[in-house]
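Chain and residue survey
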Protein chains: 2
Amino acid sequence: MARKQGSHSDITGPKVRAAALRLIARHGCAAVSMRQIAAEVGVQAGALYNYTSDKQTLLFDLMRRHMEKLLAAYDETLITGTPTEQLRAFTLFHIRYHLPRRDEVFVSYMELRNLSPENFLVVEGLRRNYEDALEGILKAGEADGSFTLPDRKVTVLSLIAQLTGITNWYRDDGRLTQEQVEDIYCDLVLRTVSAPR
Amino acid sequence: MARKQGSHSDITGPKVRAAALRLIARHGCAAVSMRQIAAEVGVQAGALYNYTSDKQTLLFDLMRRHMEKLLAAYDETLITGTPTEQLRAFTLFHIRYHLPRRDEVFVSYMELRNLSPENFLVVEGLRRNYEDALEGILKAGEADGSFTLPDRKVTVLSLIAQLTGITNWYRDDGRLTQEQVEDIYCDLVLRTVSAPR
DNA sequence: TTTCCAAGTGAACAAGCGTTCATTTACAGT
DNA sequence: ACTGTAAATGAACGCTTGTTCACTTGGAAA
């Protein structure tokens, strides 16, 4: 039976993932050694292997967890109303979920190439689920005539690239507050789905 | 005096950069060893140091060259007419320049974090020049009333993220030809700068 | 108080790393 | 044919890598 108190595994496990995430986001997976991660946790390198079978799996866990938490958070978010209202809600959700999780976003996009083929497929599949959610909204908007799109699937990818790009330049102490950025992007996104005059 | 014939340096130099670009784009800078690059060129690792002072400089050269060639190609492109026509020309230029150079794009965006601070500033400055070119077009469009933007600088970053994102999903044997993608994005870009009805 | 075992240590492993350099190779100019 | 030198070799350098494992530690349960 697991210890109820004094057990470190419930503490060290998350610490390992947090340290790995921070370091990998800053330097890249191959550039970070298990010893560096261990040092950040305050432990010897060997101890990491109580929490992951190897480095590749540690990276995969970070990415899979990020995508699963994203989908879970999205499922818990109420996306209702007209397609236009839904699209606005999606935009706000995307910005609000991603902006405080820049390390996760960076790792999940940048380190895809370092996953084994089967691990890649898992993460890719999760990402597709998220894209499908947006596509559903666009489809509804096309159906009831609120949106006019040149190509639905391309619009999905374009919108997500546009929104996720915010994480690359937004600064808390920058010219714009997060609320201002949210307003600007709600505007830009709605323009994208409206037929030109 | 450099040899005019029989000299390998004019051949091996570009080969080194091409091999480094290919491998780094696929696996990341830290994951690729000088020996792997040398093997791809067909040479021993030591020979690489006739063409670069060290690995960091090799990476920096790839990124700086990419940005400089991009700016040079842009300068040679005739961007004239109304702001709307200019924006359309910019969109086509961006897609046509970046799509055949996906390795360069990937490396230039993904490996920024592995540059030394001073090298980072150089590449960052070159990128800003490119962004400024687009901002100039948007400014002209605002001035003559053809564009209405919620925020000019955010729109610049949003448009570039949107356009560059194409390199992540476009496939030559995919559903859409490059021409179709160009048309779709010209449409999307123009929507972005037009005030909603 | 004793027992037990999860958690962490620290040394060790073979392999690979970036980089240097004395040496060899082979071609251009004489 | 001879010379000079650019280009490449291949061995060597000290160091780091991911991973393993016999061993220690310290708190929970009996």
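All of the points below concern the structure found in this document.

So, how was this worked out
Residues numbered from 1 in each chain as written. Chains lettered and ligands numbered in written order. Predicted model: local features only at pLDDT ≥ 70, side-chain atom pairs only at ≥ 80, totals over all residues. Heavy atoms only, no water. Axes fitted to C-alpha atoms, helices over the stretch in contact; angles between N-to-C directions. Helix = DSSP H or I, 4+ residues; strand = E, 2+ residues; numbered from the N terminus. Parallel < 35°, antiparallel > 145°, perpendicular 65-115°, else oblique. Left-handed = near helix turned anticlockwise from the far one by under 90°. Contact = heavy atoms within 4.5 Å. Nonpolar A, V, L, I, M, F, W, Y, C, P; charged D, E, K, R; others polar. Buried < 20%, exposed > 50% of the residue type's maximum accessible area, 1.4 Å probe, protein only. Polar contact = N/O pair within 3.5 Å; in protein donor to acceptor, adjacent residues only side chain to side chain. Salt bridge = Lys/Arg side-chain N within 4 Å of Asp/Glu carboxyl O. Buried area = accessible area lost by both parts, 1.4 Å probe. Least-squares fit on C-alpha atoms with pLDDT ≥ 70 in both.

Regarding the packing of helix α3 (residues 55–76) of chain B against helix α4 (residues 83–98) of chain B
Residues and elements named next belong to chain B. Their axes nearest at 11 Å, the elements α3 and α4 cross at an angle of 140°. Taken together, the axes of α3 and α4 are oblique relative to one another. You can see that α3 and α4 cross each other, and the crossing is right-handed. Taking contact as the criterion, the partners of His66, Lys69, Leu70, Ala73 and Tyr74 in α3 are, on α4, Phe90, Phe93, Tyr97 and His98. Per-class residue counts for the contact of α3 with α4 are six nonpolar, two polar and one charged.

Overview of the side chain of Ser158 of chain A
Mapped onto the elements of the fold, Ser158 of chain A is located in helix α7 (residues 152–164). Classification of Ser158 of chain A by relative accessible area gives buried; the value is 0%. Polar side-chain contacts of Ser158 of chain A include one of 3.0 Å to the side chain of Gln162 of chain B. Once you skip the residues sitting within four places of it in the chain, Ser158 of chain A turns out to touch Gln162, Tyr185 and Leu188 of chain B.

Thoughts on the pattern of salt bridges
Pairs can form between side chains of opposite charge once their charged atoms are near each other. Counted by the stated rule, this structure contains 22 salt bridges over all chains. Between Arg113 of chain B and Glu111 of chain A there is a salt bridge; the shortest N-O distance is 3.1 Å. One end of the pair, Arg113 of chain B, is in the loop between α5 (102–110) and α6 (117–143); the other, Glu111 of chain A, is in the loop between α5 (102–110) and α6 (117–143), on a second chain. Pair check on accessibility: Arg113 of chain B and Glu111 of chain A agree, each one buried.

Considerations on the interface of chain B and chain A
Interface size, as often reported, equals the accessible area lost upon joining of the parts. Taken together, the contacts link 39 residues of chain B with 39 residues of chain A. The junction of chain B with chain A conceals about 3,200 Å² of combined surface from both sides, 58% of it contributed by carbon and sulfur atoms. Three residues, Arg113, Arg191 and Arg197 of chain B, lead the burial of chain B against chain A; their summed loss comes to 24% of the area buried on that side. Taken together, the links from chain B to chain A amount to four salt bridges. Inspection of the region where chain B meets chain A yields 16 residue pairs in polar contact (both at pLDDT 80 or more). Contributions of two or more residues to the side of chain B that touches chain A are made by α1 (9–27), α5, α7 (152–164) and α9 (178–193) of chain B. Partitioned by chemical class, the residues of the side of chain B that touches chain A number 20 nonpolar, 10 polar and nine charged.

A closer look at the relation of the copies chain B and chain A
Between chain B and chain A, the superposition needs a rotation of 180° and an axial shift of 0.0 Å, giving an RMSD of 0.0 Å. These values place the two chain copies in the arrangement generated by a two-fold rotation axis.

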